[in-house]
Amino acid sequence: MTKVGLFLCECGPNIAEAVDLDKVTEVIKGDKKVALIERHRLLCSEDGKKFLAESIKKNGFERIVIAACSPKQHENTFMEVMTRAGLNPYLFQMVNIREQCAWMTPDKELATQKAIRLIRAAINRINYHTPLKQKEIECSPDVLIIGAGITGIETALRTAQKNRNIYIVEKNELGGVLNRLQSLYPGMQSARELLQKKIKEIKSHPEIKVFQKSKIKEILGFFGNFIARIETEDKKEVKLNIGSIILTIGGETFVPAELPNFGYKKFENVFTADEFENSVINKENLPQTIAIVHCVGREKFGYCSKICCANSMKLARLIKEKSKNTKVFQFYKELCLPGKEYDQFYKETKEQGVEFIRYKNIEIGDHKIDYISEDEIKQSLSVDMIILSTGLVPGKDTQYFANLLNIPLDDYGFFKEEHIKLAPVSTITEGISIAGGCQGPQDLNDAVIQAGASAGRTLSSLIPGRRLQVEAKTCEIADSICVGCGVCVRVCTYGALTIDESKHISVVNEVLCRGCGNCAAACPSGAARHRHFTNQEIYQEERAMLK
Amino acid sequence: MKGKIIEIKSDLNTAIKNIIKTLVQKKLFDAVFVPVRIPSRESFAYLLIKDKEILESITPLPPTMPVQGARALKDLTRLGKLNLRILCIMRPCEIRAAVELAKLRQITLQNLTFFSFDCPGVFPTAEYIKSPEKYDQNIIEKIKAWQEDGLRPNCSICVNFSHYNTPADLHIGFYRNHLLIYPVSKNSQKILDILSYRAEDDLTEWENSINTLLKKKKENRSRKFSLLSNQTKGIENLEEFFTGCINCHNCMRVCPICYCRQCFFESPEQSHHEAEEYLARAKEKGGIRFPPERMVFHLGRMNHMALSCVGCGSCEDGCPMDVPVGQIFSFIGNEVQKMFDYLPGKNLEEPIPLLTFKEDELHEYEDTREKK
Ligand SMILES: Cc1cc2nc3c(=O)[nH]c(=O)nc-3n(C[C@H](O)[C@H](O)[C@H](O)COP(=O)(O)OP(=O)(O)OC[C@H]3O[C@@H](n4cnc5c(N)ncnc54)[C@H](O)[C@@H]3O)c2cc1C
Ligand code: SF4
Ligand code: SF4
Ligand code: SF4
Ligand code: SF4
Ligand code: SF4
Ligand code: SF4
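Everything numeric in this text was worked out from a predicted model, so none of it was measured.

A. Focus on the overall build of chain B. A count of helices and strands for chain B gives 17 helices and eight strands. Taken over the C-alpha trace, chain B has a radius of gyration of 22 Å; the compact-globule value for 372 residues is 21 Å, and the two agree within 12%. Dimensions along the principal axes, computed over C-alpha positions, put chain B at roughly 75 × 50 × 40 Å. In chain B, which comprises 372 residues, the share counted as buried stands at 51%. At a minimum sequence separation of 6, the contacts of chain B that also span at least 24 residues come to 75%.

B. Spatial organisation of helix 1 (residues 12-25) of chain B. For helix 1 of chain B, spanning 14 residues, the distance from its first C-alpha to its last is 20 Å, which sits close to the expected 20 Å at 1.5 Å a residue. At the N-terminal end of helix 1 of chain B, a side-chain oxygen is found 3.3 Å from the backbone nitrogen of Asn-13 of chain B, two or three residues along, and the residue is Asp-11 of chain B.

C. Focus on the nonpolar core. Among the nonpolar cores identified, the biggest contains 68 residues, and Phe-33, Leu-73, Cys-88, Met-90, Phe-114, Phe-242 and Val-325 of chain B are the most heavily contacted of them. Per element, the largest residue contribution to this core is five residues, and it comes from helix 4 (residues 92-103) of chain B. Every residue in contact with Phe-242 of chain B, bar those within four places of it in the chain, is listed here: Arg-294, Met-295, His-298, Met-302, Val-323, Val-325 and Ile-328 of chain B. One finds Val-4, Cys-11, Ile-37 and Ile-64 of chain A within the second-largest nonpolar core, a separate group that totals 48 residues.

D. Looking closely at the environment of Ile-372 of chain A. All names here are of chain A. With respect to the helices, strands and loops of the structure, Ile-372 is situated in strand 20 (residues 368-373). The partly exposed category is assigned to Ile-372, whose relative accessible area is 27%. When residues no more than four places from it in sequence are discounted, the contact partners of Ile-372 are Tyr-359, Lys-360, Asn-361, Ile-377 and Lys-378.

E. Main features of the interface of chain B and chain A. Each partner contributes to the interface: chain B provides 20 residues, whereas chain A provides 25 residues. Between chain B and chain A, roughly 2,100 Å² of surface is buried when both sides are summed, and carbon and sulfur atoms account for 50% of that area. Broken down residue by residue, the surface that chain B buries against chain A is led by Arg-105, Arg-261 and Leu-355 of chain B, which jointly contribute 31%. The interface formed by chain B and chain A includes three salt bridges. The residue Arg-543 of chain A makes a salt bridge to Glu-277 of chain B at a minimum N-O spacing of 3.3 Å. Joining chain B to chain A, the criterion identifies twelve residue pairs in polar contact (both at pLDDT 80 or more). Examining the composition of the side of chain B that touches chain A, we find that four residues originate from one element, helix 13 (residues 275-285) of chain B, more than from any other. In terms of residue class, the side of chain B that touches chain A is made up of eight nonpolar, four polar and eight charged.

Here is what the cut-offs are and how they apply
Residues numbered from 1 in each chain as written. Chains lettered and ligands numbered in written order. Predicted model: local features only at pLDDT ≥ 70, side-chain atom pairs only at ≥ 80, totals over all residues. Heavy atoms only, no water. Helix = DSSP H or I, 4+ residues; strand = E, 2+ residues; numbered from the N terminus. Rg over C-alpha atoms; globule rule 2.2 N^0.38 Å. Buried < 20%, exposed > 50% of the residue type's maximum accessible area, 1.4 Å probe, protein only. Contact = heavy atoms within 4.5 Å. Expected span 1.5 Å × (residues − 1). Polar contact = N/O pair within 3.5 Å; in protein donor to acceptor, adjacent residues only side chain to side chain. Core = buried A, V, L, I, M, F, W, Y, C linked by side-chain atoms within 4.5 Å. Buried area = accessible area lost by both parts, 1.4 Å probe. Salt bridge = Lys/Arg side-chain N within 4 Å of Asp/Glu carboxyl O. Nonpolar A, V, L, I, M, F, W, Y, C, P; charged D, E, K, R; others polar.

Laid out in structure tokens, this is it:
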């Protein structure tokens, strides 16, 4: 019989006070499957880890069960100790008696009983574990950035370092939206100057290769080993080997042609904010009265675009700068101005004589605005020019890349982040990150923060000169049992499975597999099997738990 | 509803056979996949026929179904499309099983054309082989009278026996010594052209007769299902229900939807434990029945079948112990399919619900359970 060591961690007072560990020891001691029970005050501390390693050696344990906190917290810590002590780290099972017992069940007696069941289950399971091997593959540390707006440029600058090539591919000119802007709120600095400086920087950076007016034709492969085919400005084809990809293709401004009450394209003096800042403000002499209408399209797409309120105020200021006597009205529904600079920005804008009118409903006519005011009164205002502050929507190519790289879109059509709070710049596909306007509406600050985050993630995931460690707890497909029904392929969210048409069976890509187990659960015949959650392991665990 | 009405001059099988022969002669199809009486005369098998002579001996409407057509078709087309244009003449439940298997990549539908017909049901195979002549005669009577007694139990509660929900290209109906041709898919126009038929006859009378029958069968079915529901409440009743089962797994082997190369319940890992394990279980429960895993097999298979079971009753037909396994699978299948608003094999484009699972999908169901 293999020698199984059980370690109970007190987690300071956390576990010791809420679970009766003496009782646990007493009950489990009778179980012949455990060679020895050890106890420690804080197993994850340096002292605790040393204790664990020494005990493993001294007692000759072959498998380890640790009852402590959540595996999310310290599974890796203990696995490292095991490796150093010469054990395969997968001959290990962690039991969560803190979050699942101590912190969950106020009654000490019940918490203790629950802990005993969970520990028994782990002990019953551990003998069915097989040693797993951590695999490594060759990989490229190089990065492909798609889209050279400010986010792409910033990402390139932050990922560029020695021994790593950065390729940035832009379908138009470099710069994206910023090319069309005069200045940036809230500081009102020149957009062009900022952009020129950044463009100069990436063009002269030795580690960054810029492809302008180029097209992504194809991307094959997976994390660590992508191959991209690019058609360059002079119609040549270039093949790039890269390890990871960052999508920074931005979004677009909404064109309100389909919303008739805004009079866009119907009256020649109605423009979008984008058009106004890009060209109208330079070409024309500004008239006597200008109205800026906020929230255009918000109801249609069902979200606030974050930038329009501040941007509308920025436009008011640009107008005032150019033509001091022009009267500016802001028609808004809600004002959304979070952030530390914006109360001041709003105050200053108001002080320049800009008038704010809250509307419930609006209808734009020939040189006039009919609206229902906040207090339900029908009103009308004649104006010489109208600017529509339209929201931000997903870019045209978003769907194309979603299909190409097998990443999902959210309900609004932007790239979907892996987790909105915990992993906002990663996607479910390993090695593909997103940043900037293609992830959702955002201002420059947010875009730059995301650029930094995606750069950091990419830099730490593939390090030049190092091979890629592949998840060992993956699934496998038994060739001789699989009938190629494709059920597993369609339930795998990570795109790790494909059908080998010549053999009519499913095959798993171990680099992409994250070991979620969906396939193993869905495959009727058991051809798809999880290496660390075999039927035996689960069965033995549950049997002891329910006994 | 319009179609073509033809008077049956000889017998039904011959009338259908003549249509098939014309279509093959005029080279619309390269081969026909259809049941043929086997030489011992006691049973039927699906044959892939290219030879026009052999076409003479086909029985498109056999009185029994020893092999579910979809299961046979799977062997033919599993590994990809055939370069033959094949006409398949099958019962509605066989066609639905075939479409379900196509969704599971076990049948390739390209180049296949399906004819379905108003299915009178089939006789249990074990009964049939005892006196084939009697049942050969009886099936004609059945079609005339549409009676359920003596049929496979699943057939007498089958509500998808006609063109409704059957994804065939062309459906053949029977009504008062007439054969009706009802074009279903776009594909069927070409077939009618070749036969020089025009779908101009009024089919209302036939449709009414089908609807009357359907109503009766629906009533039968809900009566049967509520009976089954009572019979199988709780684990003890369920054990009792399967008590005659000898764990031979025939039901799995003949089921068209059980498509696995090796059934999970026959894998060494699942079906053979060390003696020690059995001893431990015996100790816990006071004793265990051998062969073991009998209920695990049925509950597990039910779990695997629930979404895709077409209710054909083949499992029960193949059971040597007369366990009403087809009826309970059909009952459970129906309950689960209702939850997902899914009818297996009705529409190739509609994915199996397991594959379209969304995290928040079952909240509705959870909530109603909580409120109770
Ligand atoms: C009218 C307007 C005014 C704004 N004003 C302000 C402001 O004053 N202050 C502020 O903080 N923020 C402002 N913003 C928001 C800010 O501009 C954005 O947050 C920021 O520019 C987003 O940059 P990005 O690089 O993510 O997207 P973009 O600038 O849109 O860049 C995306 C780039 O990707 C390229 N691309 C797209 N598809 C492909 C493809 N298939 N292959 C290759 N390349 C592709 C595009 O050509 C583009 O160059 C404003 C936005 C708008 C629309
Ligand atoms: S679900 Fe199972 S049988 Fe079907 S393709 Fe996947 S591994 Fe093979
Ligand atoms: S375990 Fe999860 S990620 Fe891995 S192949 Fe199966 S379904 Fe895909
Ligand atoms: S279940 Fe019976 S009646 Fe229904 S289609 Fe099948 S064979 Fe015919
Ligand atoms: S489980 Fe029985 S009734 Fe259902 S499809 Fe299989 S053989 Fe037919
Ligand atoms: S019972 Fe399940 S595992 Fe067995 S053959 Fe049927 S579908 Fe496959
Ligand atoms: S065919 Fe009948 S006896 Fe055999 S396993 Fe199925 S239910 Fe049991």
